[in-house]
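Residue-level structural notes
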Amino acid sequence: YKMIAIVHPGAIECSKQLEDLGYELLVRDVPVPVEEIQGDFLRKRVVHNGCCGEKEFIKLWAYSFMDYPVVVHLDLDTMVLKPMDNLFDAMLDGPTSAARANIPVMFGEDMPDVVDAYFTRDYNMAHPGSGRPVGVQGGFLVVRPSMQAFEDYKDIIRKGDFRAAGGWGGKGYGFYGAMTFQGIVPYYYDHIKPG
């Protein structure tokens, strides 16, 4: 494995210590500059959304790491408590993988034959009984790298269809951090590429 720190250009100085810990620093700006966002609502507000505004989108660069079969994105404040081998095996070996039996799926749903991502929903941010979608915990994402997915995300951001009362695509993705990573990832996997 290889440890890579995706670093925003504004954080280069404070990230140098990560090199001493064995990380390769990969300096990347946001995949879509704010001024290129076509939707007024998103363009005017994303910089103040969630903890880090539009800078949360640098996490999407994980999809572009095509030299790796699986990429695990973790924020630095994330702690891994169990091995993730079953997740990797199920992604890489497909529907015949014995590892699939060891992975719980929410609400008893079937696991898709092809798994392109694992993420955890952030139920602490949910509005119980509202029927609105639940965002993702932005500090954990396991993906099968895909330039198509990366370009899809860039297109979604550039279009900027985030609505005041309806979130991404008007589908209800409106919660803390929803304009950024925490909202765009579940929108992508719930509506753009379901399963």
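The model shown is predicted, which means the values in this text are computed figures rather than measured ones.

Here we come to the overall build of the protein. The helix and strand tally for the protein stands at five helices and seven strands. Counted from the first residue to the last, the protein has its helices and strands arranged as β-α-β-α-β-α-β-β-α-β-β-α. Counting the 195 residues in the protein, one finds 44% classified as buried. Summarising the internal contacts of the protein: among those between residues at least 6 apart in sequence, 58% fall at separations of at least 24. For the protein, the accessible area works out to roughly 10900 Å², and carbon and sulfur atoms hold 53% of it. Between the mean site of the 19 positive side-chain charges and the mean site of the 26 negative ones, the protein shows a separation of 6 Å.

Taken across its eight residues, strand 5 (residues 136-143) has seven buried, putting it largely inside the fold. The pairing of strand 3 (residues 71-74) with strand 5 spans four bridges and is antiparallel. Looking at the pairing, Leu-74 lines up with Phe-140 of strand 5.

This part takes up the pattern of salt bridges. Following the criterion strictly, the structure yields 12 salt bridges and no others. Two residues, Lys-154 and Glu-151, come together in a salt bridge whose shortest N-O distance is 3.4 Å. One end of the pair is Lys-154 and the other is Glu-151, both in helix 4 (residues 147-159) and three residues apart, which spans about a single turn. Given a relative accessible area of 31%, Glu-151 falls into the partly exposed group. We note a salt bridge from Asp-161 to Arg-163, for which the minimum N-O separation is 2.8 Å. Taken together, the shared-partner salt bridges connect Glu-36, Asp-155 and Arg-158 into one network.

Let us now look at the packing of aromatic side chains. Each aromatic ring pair is summarised here by two numbers: the centre-to-centre distance and the angle between the ring planes. In this structure the tally under the stated criterion is eight aromatic pairs. Geometrically, the ring pair formed by Phe-162 and Trp-168 is edge-to-face, given 5.4 Å between the ring centres and 85 degrees between the ring planes. Residue classification places Phe-162 among the buried residues on the basis of a relative accessible area of 7%. For Trp-168, a relative accessible area of 0% corresponds to the buried category. An aromatic cluster is built from Tyr-63, Phe-119, Tyr-153, Tyr-188 and Tyr-189, whose rings are joined through pairwise contacts. Sitting above the plane of the Trp-61 ring, Arg-28 keeps its charged end 5.4 Å from the centroid.

What counts as what
- Residues numbered from 1 in each chain as written.
- Predicted model: local features only at pLDDT ≥ 70, side-chain atom pairs only at ≥ 80, totals over all residues.
- Heavy atoms only, no water.
- Helix = DSSP H or I, 4+ residues; strand = E, 2+ residues; numbered from the N terminus.
- Buried < 20%, exposed > 50% of the residue type's maximum accessible area, 1.4 Å probe, protein only.
- Contact = heavy atoms within 4.5 Å.
- Areas by Shrake-Rupley, 256 points an atom, 1.4 Å probe, with all protein chains shown as cover.
- Lys, Arg positive; Asp, Glu negative; His and termini not counted.
- Charge placed at Lys NZ, Arg CZ, Asp CG, Glu CD.
- Pairing = 2+ DSSP bridges.
- Salt bridge = Lys/Arg side-chain N within 4 Å of Asp/Glu carboxyl O.
- Phe/Tyr/Trp six-rings, centres within 6.5 Å; stacked < 30°, edge-to-face > 60°.
- Lys NZ or Arg CZ within 6 Å of the ring centre and 35° of its normal.

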